[in-house]
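# Coordinates in review
Listed below are the residues making up each chain.
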Amino acid sequence: MPDQLIAAYLKALRVNDKLTLARIEAQAAEYDAHNRFGARLVDELSELAADDMPMAA
């Protein structure tokens, strides 16, 4: 499931689909709330979003 969410998130970032981004972030938060292994999907998505931002000149 996390791989599918990450792929969908990257696609939504490319097309700037804010509604889908918000939906996936909510799903990631739900996933994190029930994840016993300590991985933070929300943090991974935040890093992807930061990497996707253009750098200021």
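Residues numbered from 1 in each chain as written. Predicted model: local features only at pLDDT ≥ 70, side-chain atom pairs only at ≥ 80, totals over all residues. Heavy atoms only, no water.

## Re the overall build of the chain
Quick note on the threshold: Note on conventions: DSSP H or I runs of at least 4 residues are helices, E runs of at least 2 residues are strands, and numbering of each starts at the N terminus. Three labels apply to residues, based on accessible area from a 1.4 Å probe with only protein chains included: buried if under 20% of the type maximum, exposed if over 50%, partly exposed otherwise in between. Residue contacts follow a heavy-atom distance rule, with two residues in contact if any of their heavy atoms lie within 4.5 Å. The accessible surface values rely on the Shrake-Rupley method and a 1.4 Å probe; as for residues, cover is taken only from the protein chains in view.
Along the chain, the regular secondary structure elements total 3 helices and 0 strands. The buried share of the chain, taken over its 57 residues, is 25%. Put simply, 39% of the contacts in the chain that link residues at least 6 apart link residues at least 24 apart. As presented, the chain carries roughly 4,400 Å² of accessible surface, and 57% of it is formed by carbon and sulfur atoms.

## Overview of the side chain of Thr 20
Summarising the element assignment, Thr 20 is placed in helix α2 (residues 18-34). Judged by its relative accessible area of 18%, Thr 20 falls in the buried class.

## Re unusual backbone geometry
The phi angle of most residues is negative, glycine excepted, and most peptide bonds adopt the trans form. A positive phi angle is found at Asn 16, which is not glycine, with a value near 60°. Counting through the fold element by element, Asn 16 comes out in the loop between α1 (2-15) and α2.

## What about the side chain of Asp 32?
Turning to its location among the elements, Asp 32 is positioned in helix α2. For Asp 32, a relative accessible area of 6% translates into the label buried. Ignoring anything within four residues of it in the chain, the contact list for Asp 32 reads Ala 39, Arg 40, Leu 41 and Val 42.

## A closer look at the environment of Ala 12
Relative to the helices and strands, Ala 12 is located in helix α1. C-alpha separation for the pair Ala 12 and Ala 22, spaced 10 residues apart in sequence, amounts to 9.8 Å. Beyond its immediate sequence surroundings of up to four residues, Ala 12 is in contact with Asp 17, Thr 20 and Leu 21.

## Let's talk about the environment of Leu 21
Position of Leu 21 among the secondary structure elements: in helix α2. A C-alpha to C-alpha distance of 9.6 Å links Leu 21 and Leu 45, two positions 24 residues apart in sequence. Those residues within four positions of Leu 21 in sequence are excluded, and the remaining contacts are Tyr 9, Ala 12 and Leu 13.

Read these as geometric descriptors, not functional statements.
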